[in-house]
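Breakdown of the fold
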Amino acid sequence: MGIPTVAVYSDADRDALHVEMADQSYRIGPALATDSYLSIGAILEAAQKSRSTLIHPGYGFLAERAHFATAVEEAGFTFVGPPAAAIERLGDKAAARRIADAAGVPIIPGTREPVDVAIARKEAPRIGFPLLVKAAFGGGGKGMHVVRDADRLEESLKRAAREAKSYFGRSEVFLERYVDHARHVEAQIIADAKGKVVFLGERDCSVQRRHQKLIEETPSPQFDEGLRERFAEAAISLTKEASYLNAGTVECILDEDGSFYFLEMNTRIQVEHPVTEMVTGLDVVALQIQVALGGSLAGLEVSANGHAIECRINAEDPGRNFLPGPGRISRYEEPSGPFVRVDSGVGARRDIPGDYDSLFAKLIVSGIDREQARRRMLRALDEFVVEGVPTTIPVHRWILESKAFRTSTHTTTWLERALVDAHLPAQADLEPAVAQPRSTRARDILVEVDGRRVPIRIFDERRVAAPKAPSSHATHHGEHVHGEIRAPMQGTIVKVLVEKGQPIQAGDVVCILEAMKMENHIASTREGEITDLPIRVGQVVELDALLAVID
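Everything quoted here is computed from the prediction, not taken from an experiment. (Residues numbered from 1 in each chain as written. Predicted model: local features only at pLDDT ≥ 70, side-chain atom pairs only at ≥ 80, totals over all residues. Heavy atoms only, no water.)

**Some thoughts on the confidence of the model for the protein chain**
Mean pLDDT for the protein chain: 88, with 91% of residues reaching 70 or above. Low pLDDT (under 50) marks residues 431–440, which in the prediction has 20 contacts with non-local residues, meaning those over four places away or in another chain. (pLDDT = per-residue confidence, 0-100. Contact = heavy atoms within 4.5 Å.)

**Topic: a nonpolar patch on the surface**
Side chains of Met1, Ile3 and Leu293 sit close together on the surface and give an oily, nonpolar patch of about 330 Å² of accessible area. Along the chain, the position of Met1 falls in the segment before β1 (6–10). (Patch = residues over 30% accessible without salt bridge, like charges linked within 9 Å, V, L, I, M, F, W, Y side chains within 5 Å. Areas by Shrake-Rupley, 256 points an atom, 1.4 Å probe, with all protein chains shown as cover. Salt bridge = Lys/Arg side-chain N within 4 Å of Asp/Glu carboxyl O. Helix = DSSP H or I, 4+ residues; strand = E, 2+ residues; numbered from the N terminus.)

**A look at unusual backbone geometry**
With an omega dihedral of 0°, the bond running from Phe129 to Pro130 counts as a cis peptide bond. For the peptide bond that leads from Thr218 to Pro219, omega is -5°, which places it in the cis range. By secondary structure assignment, the location of Pro219 is in the loop between β10 (212–218) and α8 (225–241). One non-glycine residue, Phe61, lies in positive phi territory at about 50°. Structurally, Phe61 is set in the loop between β3 (54–55) and α3 (66–74). Of note in the backbone geometry, Asn321 takes a positive phi value of approximately 55° without being a glycine. Looking at the element boundaries, Asn321 is found in the loop between β14 (316–317) and β15 (323–324).

**Notes on the sheet that holds strand β5 (residues 131–135)**
Read from one edge of the open sheet, three strands run β6-β5-β7, paired in antiparallel fashion. Single-partner strands in this sheet number two, and they are β6 (144–147) and β7 (173–177). Each neighbouring strand pair of the sheet contributes to a mean axis angle of 25°, computed without reference to strand direction. Strand direction decides the pairing type here: β5 and β6, joined by four bridges, are antiparallel. Residue pairing in the sheet places Lys134 in a bridge with Met144 of β6. Its contacts with the sheet put helix α6 (residues 117–127) on β5 and β7, and the angle it makes with β7 is roughly 20°. (Pairing = 2+ DSSP bridges. Axes fitted to C-alpha atoms, helices over the stretch in contact; angles between N-to-C directions.)

**A few points about the environment of Ser206**
Looking at the element boundaries, Ser206 is found in strand β9 (residues 197–209). Between the C-alpha atoms of Ser206 and Thr411, which are 205 residues apart in sequence, the distance is 5.6 Å. Look past the residues within four positions of Ser206 in its chain and what remains in contact with it is Arg183, His184, His410, Thr411 and Thr412. Engagement of the side chain of Ser206 in a polar contact is seen with the side chain of Asp204, the distance being 2.7 Å. (Polar contact = N/O pair within 3.5 Å; in protein donor to acceptor, adjacent residues only side chain to side chain.)

**Topic: the sheet that holds strand β31 (residues 546–550)**
Strand order in this open sheet of four strands is β24-β31-β29-β26, and the pairing throughout is antiparallel. Pairing within the sheet leaves two strands with one partner each, and these edge strands are β24 (484–486) and β26 (503–504).

**Description of the packing of aromatic side chains**
Under the criterion given, the structure shown has eight aromatic pairs. Here Phe61 and Tyr356 contribute two aromatic rings whose centre-to-centre distance is 5.9 Å and whose plane-to-plane angle is 90°, an arrangement assigned as edge-to-face. In this pair, Phe61 is assigned in the loop between β3 and α3 and Tyr356 in the loop between β19 (351–352) and β20 (359–367), connecting sequence segments 295 residues apart. The exposure class of Phe61 is partly exposed, given its relative accessible area of 40%. The interplanar angle of 90° and the centroid separation of 5.2 Å between the aromatic rings of Phe223 and Phe231 together place this pair among those described as edge-to-face. (Phe/Tyr/Trp six-rings, centres within 6.5 Å; stacked < 30°, edge-to-face > 60°. Buried < 20%, exposed > 50% of the residue type's maximum accessible area, 1.4 Å probe, protein only.)

And the structure:
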């Protein structure tokens, strides 16, 4: 489009690929998201310094915060997204359900307003078990917990509220019926200021773990033309009812009988939007910018061809219960060839920080039909080489070769049940990247001048040594030396469930460690008494940090 780009970054990802590729880059603060990516002031200051005119909110952080959209507009910038009023209406999941109801879109039974423990106990029998406790503000599977009986209701409510507060700044949660054998389907729409709403096709995102999408595809293998037409009409009707503008995603569940029910509307572009681009040939981000600048969608033709699949590549070890593994990538080779696309934020000798989501690349392929796309994805996964950190590539191969995926009989709960018998091997302990030898050749370094990232070329004899990659900590599942419980990863202590001097049994949870957007329950591996507990809520601990001593 010929528009220069300005990237922002924190201390945790100053060497990320997007920072290098942008025309300009500005530091917005330290690694802690509240002081950088969630700091509206820092982002607006960077926009002012760089003389930007448009601000795109990205996938997460402030992307669905109405007050951010308002602040952007009030500061004189153009927000590349929906108006604040639409974000506010649809960001509140209970309010979004009312809009869907008014638009004639079927909704799942649940509470219309956020609930506390007392109200939840009264409403749960009416809704019926299993039910879902869900954050009222936010998305991405955070703040969501399935409750199968009344005994676990209070615990799940408190945990969902805590996660919602941590991720979205709002702790409200509500209840809705949980459909066990469901598919997750969503409609990609784009709307302009003149009232034109265009349906860009549906996506199937049913391969999930802990409500997090792993694989997405379009078109949905469950859709025929009749269902697609009804789905498109519902999405367009809801979009108009909400007076929505720009790109958005209407998320629904699809029941076994082919009925769909509204879940929520994501008021931003989705991580999985590339599959839509692969089959339509459209650039969704370019359409976002076009609409933000007042452009019309009149005459936009949507013609889907073939089938596309996306695999989210995360720095996690499926063989160790998807344990996050931030660190330095020592070797990195992307697949290529016709009909293969990689959207990546890393490269060789770059770090994957433990401060944010573990997603570091998206692999997208397309084919004439679903089977060709599936086979092409398997070939691309085999070509994808990443060393130095664990990855989810092995589980993607396993899923794509499974009978359930091949026959498209999987549901949103299939993967977690299937993985119990999958026996995925843990990835080998990872060695740190080899240090670079001394050299007097020219080297490029980065300095910051008034917050702006400026590349400088110097000649020196620096020794460039990579940090040690995270260890597998296989002993985390066995008895620790001297009864020590140590952190299996870098993270933040969000809850401590024991006290010094307390007796404890093997399997009892000592604390909850939040790392890379996941809550990890750190359990005791032996029976004994807590003799030392050097941790507190809110504390950031490093890999292998001492959490507790049991004697």
